[in-house]
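What follows is the residue order along each chain.
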Amino acid sequence: MTDGIERTPLTRDFFDRSVLEVAPDLLGRTLVRTTQDGPIEVRLTEVEAYAGEIDPGSHAFRGRTRRNHAMFGPPGHAYVYFTYGMWHCLNLVCGPEGMASGVLLRAGAIEAGAEWARKRRLSARNDKELAKGPARLATALGIDRTLNGDDVVAGPLAPLYVLHGTPPPRDQVRSGPRTGVGGGGAHQLWRFWIDGDPTVSQYRAHAPRRRAT
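Residues numbered from 1 in each chain as written. Predicted model: local features only at pLDDT ≥ 70, side-chain atom pairs only at ≥ 80, totals over all residues. Heavy atoms only, no water.

(A) Expanded view of the packing of aromatic side chains. Under the defined criterion, the tally for this structure stands at two aromatic pairs. An angle of 75 degrees between the planes, with centres 5.1 Å apart, marks the rings of Phe14 and Phe15 as edge-to-face. On the basis of relative accessible area, Phe14 is assigned to the buried category, the value being 11%. We classify Phe15 as buried; its relative accessible area is 0%. Ring geometry for Tyr79 versus Tyr81: centroids 5.7 Å apart, planes at 40 degrees, classification tilted. One exposure class covers both Tyr79 and Tyr81, and it is buried. Geometry around Phe72 places Arg64 over its ring, the cationic atom sitting 4.3 Å from the centre. One residue, Arg191, lies across the ring of Trp193, its end atom 4.2 Å from the ring centre. (Phe/Tyr/Trp six-rings, centres within 6.5 Å; stacked < 30°, edge-to-face > 60°. Buried < 20%, exposed > 50% of the residue type's maximum accessible area, 1.4 Å probe, protein only. Lys NZ or Arg CZ within 6 Å of the ring centre and 35° of its normal.)

(B) Quick look at the side chain of Arg178. Considering the arrangement of structural elements, one finds Arg178 in the loop between strand S7 (173-176) and strand S8 (191-194). In this structure Arg178 comes out as buried when scored by relative accessible area, which is 0%. Reaching out from Arg178, the side chain makes a polar contact with the backbone oxygen of Ala49 at a distance of 2.9 Å. A distance of 2.7 Å separates a polar atom in the side chain of Arg178 from a polar atom in the side chain of Asp55. Those residues in contact with Arg178 that sit more than four places away from it in its chain are Glu48, Ala49, Tyr50, Asp55, Gly57, Gly185, Gln188, Trp190, Arg191 and Tyr203. (Helix = DSSP H or I, 4+ residues; strand = E, 2+ residues; numbered from the N terminus. Polar contact = N/O pair within 3.5 Å; in protein donor to acceptor, adjacent residues only side chain to side chain. Contact = heavy atoms within 4.5 Å.)

(C) The environment of Gly165, seen in detail. Examined against the element boundaries, Gly165 turns out to sit in the loop between strand S6 (160-163) and S7. We classify Gly165 as buried; its relative accessible area is 2%. Taking the C-alpha atoms as reference points, Gly165 and Leu31, separated by 134 residues in sequence, lie 8.6 Å from one another.

(D) Summary view of a nonpolar patch on the surface. A surface patch of nonpolar side chains, about 380 Å² in accessible area, is lined by Tyr84, Met86 and Trp87. Here Trp87 is to be found in strand S4 (residues 87-93). Accessibility expressed as a relative area gives 36% for Trp87, which makes it partly exposed. (Patch = residues over 30% accessible without salt bridge, like charges linked within 9 Å, V, L, I, M, F, W, Y side chains within 5 Å. Areas by Shrake-Rupley, 256 points an atom, 1.4 Å probe, with all protein chains shown as cover. Salt bridge = Lys/Arg side-chain N within 4 Å of Asp/Glu carboxyl O.)

(E) Structural detail: the state of the cysteines. For the structure on display, the rule yields zero disulfides. Free of any disulfide, Cys89 has its nearest neighbouring cysteine sulfur in Cys94, separated by 17 Å. On the accessibility criterion, Cys89 (5% relative accessible area) is buried. (Disulfide = S-S within 2.5 Å.)

(F) How the structure looks around the pattern of salt bridges. In total, this model carries 12 salt bridges according to the counting rule given. Close ionic contact of Arg106 with Glu48 constitutes a salt bridge, the shortest N to O distance being 3.9 Å. Of this pair, Arg106 sits in strand S5 (residues 102-112) while Glu48 sits in strand S2 (residues 39-50), and the two are 58 residues apart along the sequence. Taken individually, Arg106 and Glu48 each receive the classification buried, so the pair is uniform in this respect. Note that Arg174 is salt-bridged to Asp195, the shortest N-O span being 3.3 Å. Taken together, the residues Arg174 in strand S7 and Asp195 in the segment after S8 connect sequence positions 21 residues apart. A residue is classified by how much of its surface remains accessible, and Arg174, at 33% relative accessible area, is partly exposed. Asp195 gets classed as partly exposed once you look at its relative accessible area, which sits at 41%.

(G) Region of the structure containing the pairing of S2. With 11 of 12 residues buried, S2 lies mostly within the body of the structure. By the bridge criterion, five bridges tie strand S1 (residues 30-34) to S2 in an arrangement that is antiparallel. Opposite Thr30, over in S2, you have Arg43 as the bridge partner. Sheet topology note: the S2/S8 ladder contains three bridges and is antiparallel. Following the sheet pairing, Glu48 is matched in S8 by Arg191. (Pairing = 2+ DSSP bridges.)

Next comes the structure, spelled out in structure tokens:
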């Protein structure tokens, strides 16, 4: 990475837009996680948009709760949730304050600090798998609920912040259904990824859970 525009932090105005504008525009941006070991940098390659109370696939579809409070703003903050009793996932809040929306960070390429990410992702077969999938990304970066609500545009001393990075050409951005989303939210083409990038995770359609008999 150079010290030019690629290293310029994103501002709150970047996030204070529609989630369907912010989500694809996050591709190629550099997420920086400050850890006790050292900084870890991830170039984002796959994301999903969630549009709050108008989106059946969103945690905020039924309104504000203790769990999803951070999704309601202000923009430029982290929303971290715990899922399946074992994994954390990281979202970046966007849109006007009070109107819940966020972008799930699904995958990325570790560009700096891979040695620190490997410590947390011992099962990864290679560096392309370190942050390939939302739970893997959060694990590699040491993300947990202590970061929920953190301001990601507070500056380079913050635990999380986002740099301008190197966005891909528009003709390399693809979209499709969100992974694992069922019901009324299943068919929105709100998953965005960089075409051909080896860190992009595999798409999986929603599979309803079977009840024990």
